[in-house]
Amino acid sequence: MKNKFRTIKTLAAIMGISALMHAVPAHADSVHIAKDGNTFYTLSKQYNVGMNELMKANPNVAALNIYEGLEITIPSKMQAESVTTTDKSPVITPSLNVNSDSKTVEAWGKSFSYDKSIQVKASAYSSASSENGGWGAVDYFGNPLKLGTIAVDPNVIPLGTKVLVTGHSHDGLPKDAFLATATDVGGAIKGNRIDIFIPGSQSFVSSFGYQYVQLYIVK
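These figures come from a predicted structure and were not determined experimentally.

## Brief notes about the nonpolar core
- The biggest cluster of nonpolar side chains holds 23 residues, and the ones touching the most others in it are Val-165, Ile-194, Ile-196, Ile-198 and Leu-215.
- Elements with a minimum of two residues in this core: strand E5 (110-125), strand E6 (149-152), strand E7 (162-166), strand E8 (177-184), strand E9 (193-197), helix H5 (202-206) and strand E10 (211-218).
- With four residues, the top contributor of residues to this core is E5.
- Those residues within four positions of Ile-196 in sequence are excluded, and the remaining contacts are Ala-122, Ser-123, Ala-124, Tyr-125, Thr-149, Ile-150, Val-165, Leu-173, Phe-178 and Phe-208.
- Counting 11 residues, the second largest nonpolar core, distinct from the first, contains Leu-43, Met-51, Leu-54 and Ile-66.

Encoded structure:
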């Protein structure tokens, strides 16, 4: 009876170890807690992982809305190499090409048709209530602020207009160009002026200062 009991215990132990071995992946992903200025591009460089693989490991994370505290999955080196070997899709890199004859602009591998282009003076704002008239981190329509939100003078750029912003320089923004929508306004935003929302602390965002940027009003 004791021998039978010992046999059962031994089998249970073996099964338990086997189940545990199957439960723990041989090459587990890691998690990065996003900080001010993190983008898929900067994280791919930091962890030496392809940007496409990084984006595929985070399908629910919007590339233009990585904010402080967000959990980003960093694929293991072996997994990334495996995907790179089998996936022949082109690597997405920062790019900007404007064809004024056909009124098209190509950015990040995508092509946009535009109606007109204007130069504006740009500033940046954070989600701090002191920068949002006490209304909190929402735009003019009550939507949560996110990367891609800009405040405009509706007499110059109607609310709801989509624009491609180019010519900027800040670690909290995609390089070369990014798509934005005019969904906010501001008391100091008059004429050829825009205010760009950037996720992050006030000190991080304020380093944007004032910059002249080129906008393409896309269709």
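## As for the confidence of the model for the protein
- This prediction gives the protein a mean pLDDT of 80; 78% of its residues lie at or above 70.
- Note on residues 1-27: pLDDT is under 50 here. Beyond four places in sequence and across chains, it has three contacts.
- Below pLDDT 50 for its whole length, residues 78-91 participates in 13 contacts with residues either more than four positions away or in separate chains.

## Points about the environment of Ser-203
- Inspection of the secondary structure puts Ser-203 in helix H5.
- On the basis of relative accessible area, Ser-203 is assigned to the exposed category, the value being 57%.
- With 77 residues separating them in the primary sequence, Ser-203 and Ser-126 have C-alpha atoms 9.1 Å apart.
- A distance of 3.2 Å separates a polar atom in the side chain of Ser-203 from a polar atom in the side chain of Ser-201.

Reading guide: rules and limits
- Residues numbered from 1 in each chain as written.
- Predicted model: local features only at pLDDT ≥ 70, side-chain atom pairs only at ≥ 80, totals over all residues.
- Heavy atoms only, no water.
- Core = buried A, V, L, I, M, F, W, Y, C linked by side-chain atoms within 4.5 Å.
- Buried < 20%, exposed > 50% of the residue type's maximum accessible area, 1.4 Å probe, protein only.
- Helix = DSSP H or I, 4+ residues; strand = E, 2+ residues; numbered from the N terminus.
- Contact = heavy atoms within 4.5 Å.
- pLDDT = per-residue confidence, 0-100.
- Polar contact = N/O pair within 3.5 Å; in protein donor to acceptor, adjacent residues only side chain to side chain.

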